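Chain by chain, the residues:
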Amino acid sequence: MTHHPTPAPSNDSPSHDAPGLKSPTPHAGKTPDSLKPDPKIAHGWLHTARFLTTAPQLEHLPALDVPEVAFVGRSNAGKSTCINTLTQQKRLAFASKTPGRTQSINLFSLGKQGVTDAVLADLPGYGYAAVPREAKLRWQRVMGNYLLTRENLRGVVLLIDPRLGLTELDEILLEVIRPRVEEGLKFLVLLTKSDKLNHAESQKALSIARLQSGGGEARLFSALKKKGLDEVALLLWKWTHEAGTPSARPITPVPDDEPPALD
Ligand SMILES: Nc1nc2c(ncn2[C@@H]2O[C@H](COP(=O)(O)OP(=O)(O)OP(=O)(O)O)[C@@H](O)[C@H]2O)c(=O)[nH]1
Ligand SMILES: [Mg+2]
């Protein structure tokens, strides 16, 4: 039987089962800080990330029975960089200044001793104007169907550049996944590149994102300043290790002759 570290209460988030309780002190009367979850276990777990496979189309994706967390968002939002930062690996996912760098669904396995217990999916971004229309429509349909039908999808991280805010395509994506979020799919809006904002701007962007996340969570993140790393690492660990979390029920895919889910 697999054993996961004991759940720990936390003041700022309901992290009932975050990893790695810091060992309770043997001395009585210590601060409640000693009960805070320890992100080290989550970081160690994320660091095990290794390339699993790449799939240009949905049917090329292997069916998996471990929880999967997808990173989605506009082109250039920082998805690949975020995966590299979280996994503490420089070139696991391909990141680039040129939008449209990621063009297939890339899967990365996580798990100690080579035993995969979760998978991260780096998805191509949308909204990049220079992509030919045909390719754009095809890709948007693939992504819509991935989000609706991927059976082992446990969580979605939607990356937003807070300087741009939620774009029309982000809003369509929110609509597409809403039924699955209502069924239990975990969802996080991650405001990337927060190093570009001052404190007041960050806080404002965060409150707007919280309102928009519709039942999900919103956090600030910066790969450059390593901001938000602990929180996101703990959240991903929690999503994928939480006992009894049902996978959101997949939904009927969009047939090929219907308009794409995201355009
Ligand atoms: N300042 C700053 N730049 C960042 C941060 N995260 C990513 N970037 C930069 O943003 C650009 C795009 O990053 P990627 O990670 O390739 O973006 P992506 O969302 O994977 O893009 P696509 O693959 O095109 O969908 C790169 O030049 C990164 O260096 C951050 O936290 N701060
Ligand atoms: Mg990318």
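All residue numbers refer to positions counted from 1 along the written sequence of the respective chain. For naming, the first written chain is A and the first written ligand is 1, with later ones following in the order written. Residue-level local features of this predicted model are given only where pLDDT is at least 70; pairs of side-chain atoms are given and counted only at 80 or more, and the full residue set underlies all totals for whole chains, interfaces and linings.

Counting from the N terminus, the helices are DSSP H or I runs at least four residues long and the strands are E runs at least two residues long. Within the chain, the regular secondary structure consists of six helices and seven strands. If you list the helices and strands of the chain from N to C, you get α-β-β-α-β-β-α-β-α-β-α-β-α. Within the chain, buried positions represent 41% of all 263 residues. Note that contacts rest on C-beta atoms placed from the backbone: two residues are in contact if these are within 7 Å. Taking as baseline every contact in the chain between residues at least 6 positions apart, the subset at least 24 positions apart corresponds to 71%. Around each residue's C-beta, the other C-beta atoms within 10 Å are counted; 20 or more make the residue buried, 12 or fewer make it exposed, and counts in between make it partly exposed. All C-beta atoms are placed from the backbone.

Our next topic: the confidence of the model for the chain. pLDDT gives the predictor's per-residue confidence on a scale running from 0 to 100. This prediction gives the chain a mean pLDDT of 81; 77% of its residues lie at or above 70. Throughout residues 1–18 the model reports pLDDT below 50, and contacts reaching past four residues in sequence, or to other chains, amount to 29 contacts. Within the model, the stretch residues 254–263 combines pLDDT values under 50 with 22 contacts to residues more than four positions away or in other chains.

By this definition, two strands are paired if DSSP reports at least two bridges between them. The strand order across the open sheet formed by seven strands is S1-S3-S4-S2-S5-S6-S7, and the pairing between neighbours is mixed. At either end of the open sheet lies a strand with only one pairing partner, and these are strand S1 (50–55) and strand S7 (217–220). Averaged over all adjacent pairs, the angle separating strand axes in this sheet is 25°, with direction ignored. Pairing analysis gives six bridges linking strand S5 (residues 153–160) to strand S6 (residues 186–191), with the strands arranged parallel. Among the inter-strand pairings, Val-156 is bridged to a residue of S6, identified as Phe-187. Angular values range over 0 to 180 degrees, each being the angle between N-to-C directions of two axes fitted as lines to C-alpha atoms, with helices fitted over their stretch in contact.

One can find Leu-64 in the loop between S1 and strand S2 (68–73). Note: C-alpha distance between Leu-64 and Glu-151 (87 residues apart in sequence) is 8.2 Å. Apart from the residues within four sequence positions on either side, Leu-64 is in contact with Val-119 and Asn-152.

Structurally, the position occupied by Leu-58 is in the loop between S1 and S2. Overall, the presence of 16 C-beta atoms within 10 Å leaves Leu-58 in the partly exposed class. Separated by 87 residues in the primary sequence, Leu-58 and Asn-145 place their C-alpha atoms 7.9 Å from one another. Those residues in contact with Leu-58 that sit more than four places away from it in its chain are Val-142, Asn-145 and Tyr-146.

Within strand S3 (residues 105–110), five of the six residues are buried, which leaves it mostly tucked inside the rest of the structure. In this structure, S1 lies alongside S3, joined through five bridges in antiparallel fashion. Residue Arg-50 lies in a different strand from S3, and its bridge partner there is Ser-109. As defined by bridge partners, S3 adjoins strand S4 (residues 118–122) across five bridges and the pair is classed as antiparallel.

A separate point is the nonpolar core. In terms of nonpolar packing, the biggest core is built from 59 residues, with Phe-71 and Leu-190 touching the most fellow members. For this core, the element with the highest residue contribution is helix H6 (residues 229–241), accounting for eight residues. Ignoring any residue separated from it by four or fewer positions in sequence, one finds Phe-71 in contact with Lys-79, Cys-82, Ile-83, Leu-120, Ala-121, Asp-122, Leu-123, Val-157 and Leu-159. Definition of nonpolar core: a set of buried Ala, Val, Leu, Ile, Met, Phe, Trp, Tyr and Cys residues joined via C-beta atoms within 7 Å.

Attention shifts here to unusual backbone geometry. In this model, Asn-76 sits at a positive phi of 80°, which is unusual for a non-glycine residue. Mapped onto the elements, Asn-76 comes out in the loop between S2 and helix H2 (79–87). In this structure, Lys-193 takes a positive phi of about 50° despite not being glycine. In this structure, Lys-193 sits in the loop between S6 and helix H5 (199–212). Overall, Lys-193 belongs to the buried group, with 23 C-beta atoms counted inside 10 Å.

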